[in-house]
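Results of the structural survey
What follows is the residue order along each chain.
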Amino acid sequence: MVVDSAFAVVNAVGLVAFALVGAMKGIRAGFDPFGVVVVGLVTAFGGGTTRDILVDRIPLSVQTASNLSYGLLGVVLAVGLALVISDPDRHPATQFADAAGLGAFAATGSIVATDAGLSAFGVVAIATINAVGGGALTDLLLDRSPFVLLEDIYAIPAVLGGMSYVAVTGLGLRGATVACVAVTVGTRLLAVSRGWDLPPMKELLA
Amino acid sequence: MVVDSAFAVVNAVGLVAFALVGAMKGIRAGFDPFGVVVVGLVTAFGGGTTRDILVDRIPLSVQTASNLSYGLLGVVLAVGLALVISDPDRHPATQFADAAGLGAFAATGSIVATDAGLSAFGVVAIATINAVGGGALTDLLLDRSPFVLLEDIYAIPAVLGGMSYVAVTGLGLRGATVACVAVTVGTRLLAVSRGWDLPPMKELLA
Amino acid sequence: MVVDSAFAVVNAVGLVAFALVGAMKGIRAGFDPFGVVVVGLVTAFGGGTTRDILVDRIPLSVQTASNLSYGLLGVVLAVGLALVISDPDRHPATQFADAAGLGAFAATGSIVATDAGLSAFGVVAIATINAVGGGALTDLLLDRSPFVLLEDIYAIPAVLGGMSYVAVTGLGLRGATVACVAVTVGTRLLAVSRGWDLPPMKELLA
């Protein structure tokens, strides 16, 4: 098991942020309170659980209850935010939380995959899956195509974050976790604020 | 591998019950005979396979053919029931089979997670995932939001069943499996018969 | 890890073929270039990753980058094909690639499951899951019921291929991989060309 203070901090941030984003989606979809909690927790824990399955260990999410409190905190924050903000699902606060969760989970994925002895490729792959997995699973539960396939610059920031982690670690420098979070969150927020977009492949082929 | 006679019995009951429920969904969805068998088997084996992946072992479902016969028995029962009953998908027999499967798999999940050395939290988490996982996977295959998110009191009985298992085991008493099944099936049937329901979160916030 | 030249060849063929088929689905669904790549790679790597999770090892897909090039080659072929062919999603070339991928992955599944020490039942189960898993996952991402449930004779060729592998190996003969591929591809192409079909269960019960 990873016992690393950087891991503990980014993991907590990611869980709160993604639980908030997921709970918002559940509220918008018209679920009852129980469903909102489930959607929030699936968004928060889906990516990390997939990561732990891929690196072949018992997921943290079923090993300890302590992480659960971070997920529930995110759900509570979402309910509070939904009370004071109209259209909270698209509010900048929600978009910022989503970018923060993406960066945090790209970092925890990089840390766990490095710890498991994977290659540079494997570290980037796990970072990306960890970052986008929870949201993709939530979209499947909500019976729609995962956001990551439709939103153009969503997985790419996580790929770049994982590569930053590998580069900083490979150069023997400190601060790989910070670099990963900064690159992921920075490119994601840039893409959102600039409205970066790619045309459908079909159009390019026509 | 768990070799426990209580496990063997509840596992067989759960497989027959959930295969019946799943096959009913497949018949209703208009699948051909092969699709009905697949949907029945996914419902029966989905939860336990997820459980075994989470506790990091090769799933029972791919280790031995003997369980397959229970799944096929459930599918045959569903076809028989569909011949003699109109609207079999909502018939009390189907709802009872669903509650029985929920209870049986909450119990097998509790047994396997305890066996794998998980904490009390992990046991309840695995019990719940084992109980609701097969049905949720089936709903994804049928291209709709999982029942567990829309039906209010469906996962909660499994949570209570897992907690009963932990409590009885923790007190050093016998009968944890029976307690888990009884609490899960009892609360689920109560919720169905009383029509217990929660309002959408959106309404509570408005 | 399996290091077997037959494995390497069929694995490469399967990855190229299924990435092509998946990318075609993504183009047809109107995704942007990034989405097309993701759908192609999920189709190519989904089955093998599920297989590796089930036999309880770190998936090849996250261990090495070398396989990625086969997946990307398949995506490039799909884009090229889409440029020169109208309605490429249903073109015989795509249907042949799909059958080839089905046969190749039934074979890699059989090899890995045999290597992991599973029973004859387990080998056939893993062969089938490996063969149909990537396509099923893709259909879930595209928000529709998996093809394997609606297309009647799709999983059955993989089941027959896995059984051929087990039979040839069990008789102590060589050529199990070739037999598996030949039986799977042959029965699948026969089913497609003859338009073999099963009526819905509902109709049979009416």
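What you see is a predicted model; the values in this text were computed from it and never measured.

**Section: the UniProt feature "transmembrane region" (unreviewed entry) in chain A**
Residue and element names in this part refer to chain A. The positions that UniProt labels "transmembrane region" (unreviewed entry) are, in the present scheme, residues 6-24, 31-48, 68-85, 97-114, 120-142 and 149-167. Annotated as 89% helix and 0% strand, the span residues 31-48 places its first and last C-alpha atoms 24 Å apart. Helix makes up 79% of residues 149-167 and strand makes up 0%, while its end C-alpha atoms are separated by 27 Å.

**Quick word on the packing of helix 1 (residues 5-28) of chain B against helix 2 (residues 33-54) of chain B**
Residues and elements named next belong to chain B. Following both chains from N to C, one finds helix 1 and helix 2 inclined at 140°, their axes separated by 7 Å at the closest point. Put simply, helix 1 runs oblique to helix 2. Taken as a pair, helix 1 and helix 2 cross one another with a handedness that is right-handed. The segment helix 1 lies against helix 2, with F7, L15, F18, A19, G22, A23, G26 and I27 engaging V36, V39, G40, T43, A44, F45 and R51.

**A word on the packing of aromatic side chains**
Residue and element names in this part refer to chain A. This model, assessed by the stated rule, comprises three aromatic pairs over all chains. Between the aromatic rings of F18 and F105, the centroid separation amounts to 5.3 Å while the plane-to-plane angle is 70°, which identifies the pairing as edge-to-face. Here F18 is found in helix 1 (residues 5-28), whereas its partner F105 is found in helix 5 (residues 92-115), with 87 residues between them in sequence. Accessibility classification places F18 together with F105 in one group, the buried group.

**Comments concerning the relation of the copies chain A and chain B**
With an RMSD of 0.0 Å, the fit of chain A onto chain B corresponds to turning through 120° and sliding 0.0 Å along the axis. As the rotation angle and translation indicate, the two copies are arranged about a three-fold axis.

**Points about the UniProt feature "domain: Glycine transporter" (unreviewed entry) in chain A**
All names here are of chain A. The feature "domain: Glycine transporter" (unreviewed entry), as given by UniProt, occupies residues 9-81 and 96-168 in the numbering adopted here. Helix makes up 85% of residues 9-81 and strand 0%. Its end C-alpha atoms lie 23 Å apart. Helix makes up 82% of residues 96-168 and strand 0%. Its end C-alpha atoms lie 25 Å apart.

**So, the interface of chain A and chain C**
With 29 residues of chain A at the contact, the number on the chain C side is 30 residues. Both sides of the chain A and chain C interface together cover about 2400 Å² of buried area, and 72% of this is carbon and sulfur. The largest per-residue losses of area from chain A upon contact with chain C belong to F121, L149 and M201 of chain A, which jointly make up 28% of the total buried on that side. The interface formed by chain A and chain C includes zero salt bridges. Applying the counting criterion to the chain A and chain C interface returns four residue pairs in polar contact (both at pLDDT 80 or more). Mapped by element, the contributors of at least two residues to the side of chain A that touches chain C are helix 2 (33-54), helix 6 (120-141), helix 7 (147-150), helix 8 (155-170) and helix 10 (201-205) of chain A. Of the residues contributing to the side of chain A that touches chain C, the split by class is 21 nonpolar, three polar and five charged.

About the cut-offs
Residues numbered from 1 in each chain as written. Chains lettered and ligands numbered in written order. Predicted model: local features only at pLDDT ≥ 70, side-chain atom pairs only at ≥ 80, totals over all residues. Heavy atoms only, no water. UniProt positions renumbered as here; feature names shortened; annotations may be inferred. Helix = DSSP H or I, 4+ residues; strand = E, 2+ residues; numbered from the N terminus. Axes fitted to C-alpha atoms, helices over the stretch in contact; angles between N-to-C directions. Parallel < 35°, antiparallel > 145°, perpendicular 65-115°, else oblique. Left-handed = near helix turned anticlockwise from the far one by under 90°. Contact = heavy atoms within 4.5 Å. Phe/Tyr/Trp six-rings, centres within 6.5 Å; stacked < 30°, edge-to-face > 60°. Buried < 20%, exposed > 50% of the residue type's maximum accessible area, 1.4 Å probe, protein only. Least-squares fit on C-alpha atoms with pLDDT ≥ 70 in both. Buried area = accessible area lost by both parts, 1.4 Å probe. Salt bridge = Lys/Arg side-chain N within 4 Å of Asp/Glu carboxyl O. Polar contact = N/O pair within 3.5 Å; in protein donor to acceptor, adjacent residues only side chain to side chain. Nonpolar A, V, L, I, M, F, W, Y, C, P; charged D, E, K, R; others polar.

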